[in-house]
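One letter stands for each residue in the lines below.
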Amino acid sequence: MAKLFAGVGTSHVPGIGAAVDHKKTQTDYWKPLFDGYEPAREWMQNEAPDVVIIVYNDHASAFSLELIPTFAIGVAERFQPADEGYGPRKVPVVEGHPELAWHLAESLILDEFDMTIANEMPVDHGLTVPLSIACGEPDIWPCKVIPLCVNVIQYPSPTGNRCYQLGKAIRKAVEAFPADLKVAIFGTGGMSHQLQGERAGLVNADFDIAFLDDLTRNVDRLVRIPHVEYLREAGSEGAELVMWMIMRGALDDDAREVYRHFHVPASNTAAGLIILENP
Ligand code: DHB
Ligand code: FE
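The following paragraphs examine the structure supplied in this document. From a predicted model like this one, the values you see are computed outputs, not experimental measurements. (Residues numbered from 1 in each chain as written. Chains lettered and ligands numbered in written order. Predicted model: local features only at pLDDT ≥ 70, side-chain atom pairs only at ≥ 80, totals over all residues. Heavy atoms only, no water.)

## Description of the coordination of the iron ion (ligand 2)
Stage number 1. Coordination sphere of the iron ion (ligand 2), protein contribution only: H12 (NE2), H59 (NE2) and E240 (OE), at 2.1 to 2.3 Å.
Stage number 2. Donor residues for the iron ion (ligand 2), ordered by position in the chain, follow H-x46-H-x180-E. Linking H12 in the loop between β1 (3–10) and α1 (14–21) with H59 in the loop between β2 (51–56) and β3 (71–74), this pair joins segments that are 47 residues apart in sequence.
Stage number 3. For H12, a relative accessible area of 3% puts it in the buried group.
Stage number 4. With relative accessibility at 22%, the residue H59 sits in the partly exposed group. (Donors = N, O, S within 2.8 Å, 3.2 Å for Na, K, Ca; no water. Helix = DSSP H or I, 4+ residues; strand = E, 2+ residues; numbered from the N terminus. Buried < 20%, exposed > 50% of the residue type's maximum accessible area, 1.4 Å probe, protein only.)

Listed below in structure tokens is the structure:
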């Protein structure tokens, strides 16, 4: 059977992708951030998951404001990097895992999570930047990817608790899939940042560090953080952190932290990365 063995939470700042693409990772500004990504890349290479479920949000690249799915799952053979305004990133095409993705869609919908099924879904920095963070610059990505897109752009977005419960349903679905696959799940976005309005530039490192701590120490607190608290404490885009709750829900209660990196600033964002493994 397939096994969901680990989760990664990571920011998905587009500037991180641009730093990789334009060979700037060793500049004074970016080096401390990328140095902290090295152990995560080693972990990814050593663990070599067959499939990664990447929970991310689309930033009006695949979905405009005409159509906003709350939860969408990509079931295609492949997903093209999206054009975000400067042309698509020159990163490898993202290869899907249609069999597992359809199995997930069926299991989740029968478990009463009404997923939108995406046969075509260009993937933007929300998904490609975490791949660059974890995998560097390979000619082809080393794992299959199932994109799971969450609306955190247009109010109302799903609650942290709904996301956490979806994570639990994902875990159940993966472990009922009859193939020997090693599966990881990434939750992306955050940490604190706000890109717009009077508080643009807001970062709250205390909130972020407490969030990282409580992923292993007190998940119950995180599950109950309401949107208004994310907005107040972590900024309007800090609310992307609900996607980490999907990742956390897919892991054991006693998952353990194996690596953490936290760096301020990356563009406008407090950049966090955490790796959690099931015992
Ligand atoms: C930035 C961060 C994001 O998460 C995003 O989606 C866009 C921009 C930033 O910090 O610049
Ligand atoms: Fe974002």
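## So, the sheet that holds strand β7 (residues 144–150)
Stage number 1. Strand order in this open sheet of 8 strands is β6-β3-β7-β2-β8-β1-β10-β9, and the pairing throughout is mixed. Taken across any chain shown, the strands that pair with only one partner, and hence form the sheet edges, are β6 (116–118) and β9 (256–266). Taken pair by pair, the neighbouring strands of this sheet meet at an average axis angle of 20 degrees, ignoring direction.
Stage number 2. Where β2 lies against strand β8 (residues 182–188), 5 bridges are found, and the strand directions are parallel. In the strand pairing of β8, I54 is matched with F186. (Pairing = 2+ DSSP bridges. Axes fitted to C-alpha atoms, helices over the stretch in contact; angles between N-to-C directions.)

## Here we look at the environment of L231
Stage number 1. Within the secondary structure, L231 sits in helix α8 (residues 227–234).
Stage number 2. Residue class for L231 comes out partly exposed when judged on its relative accessible area of 39%.
Stage number 3. Residues L231 and L251, spaced 20 residues apart in sequence, show a C-alpha to C-alpha distance of 26 Å.
Stage number 4. L231 has contacts with R199 and S236, leaving out every residue within four places of it along the chain. (Contact = heavy atoms within 4.5 Å.)

## With respect to the environment of R232
Stage number 1. Within the fold, R232 resides in helix α8.
Stage number 2. Apart from residues no more than four positions distant in its own chain, R232 is found in contact with R199 and L202.

## What about the site of ligand 1?
Stage number 1. Residues in close proximity to ligand 1 include H12, V13, P14, H59, H125, H193, L195, E240, A266, S267, N268 and T269, which together make up its full environment.
Stage number 2. H125 places a side-chain nitrogen or oxygen 2.8 Å from an oxygen atom of ligand 1.
Stage number 3. Separating an oxygen atom of ligand 1 from a side-chain N or O atom of T269 is a distance of 2.6 Å.
Stage number 4. Considering ligand 1 on its own, with 300 Å² of exposed area, one finds that the protein chains cover 91% of that surface.
Stage number 5. Along the lines of polarity and charge, the residues of the shell around ligand 1 split into 4 nonpolar, 7 polar and 1 charged. (Near = heavy atom within 4 Å. Polar contact = N/O pair within 3.5 Å; in protein donor to acceptor, adjacent residues only side chain to side chain. Areas by Shrake-Rupley, 256 points an atom, 1.4 Å probe, with all protein chains shown as cover. Nonpolar A, V, L, I, M, F, W, Y, C, P; charged D, E, K, R; others polar.)

## Comments concerning the pairing of β2
Stage number 1. Across the 6 residues of β2, 6 count as buried, placing the element largely inside the fold.
Stage number 2. Along β2, one buried face is formed by V51, I53 and V55 and the opposite face, lined by V52, I54 and Y56, is buried too.
Stage number 3. With 6 bridges connecting them, β2 and β7 associate as parallel partners. Pairing of I53 across the sheet is with I146, part of β7.

## Some details on the packing of aromatic side chains
Stage number 1. Applying the stated criterion across every chain, the model contains 7 aromatic pairs.
Stage number 2. Between F5 and W43 the ring centres are 6.0 Å apart and the planes differ by 20 degrees, which places this aromatic pair in the stacked class. Taken as a pair, F5 in strand β1 and W43 in helix α2 (residues 31–47) lie far apart in primary sequence, 38 residues in all. The pair F5 / W43 is uniform in exposure class, with both members buried.
Stage number 3. Where F207 meets Y230, the ring centres are 6.2 Å apart and the plane angle is 70 degrees; that geometry is what we call edge-to-face. Of this pair, F207 sits in helix α6 (residues 205–217) while Y230 is found in helix α8, placing the two residues 23 residues apart along the sequence. Exposure class is identical for F207 and Y230. Each is buried.
Stage number 4. Among the aromatic residues, those joined into a cluster by ring pairs are Y29, W30, F34 and Y37. (Phe/Tyr/Trp six-rings, centres within 6.5 Å; stacked < 30°, edge-to-face > 60°.)

## Here we look at the nonpolar core
Stage number 1. Counting residues in hydrophobic clusters, the biggest one holds 54 residues, and the most contacted among them are L104, I170 and F211.
Stage number 2. Sort the elements by how many residues they give to this core and helix α5 (residues 160–174) lands first, with 7 residues.
Stage number 3. Beyond its immediate sequence surroundings of up to four residues, F211 is in contact with M191, R221, L222, I225, Y230, L241, W244 and M245.
Stage number 4. Of all hydrophobic cores here, the second largest spans 42 residues; its members include Y37, Y56, F63 and I275. (Core = buried A, V, L, I, M, F, W, Y, C linked by side-chain atoms within 4.5 Å.)

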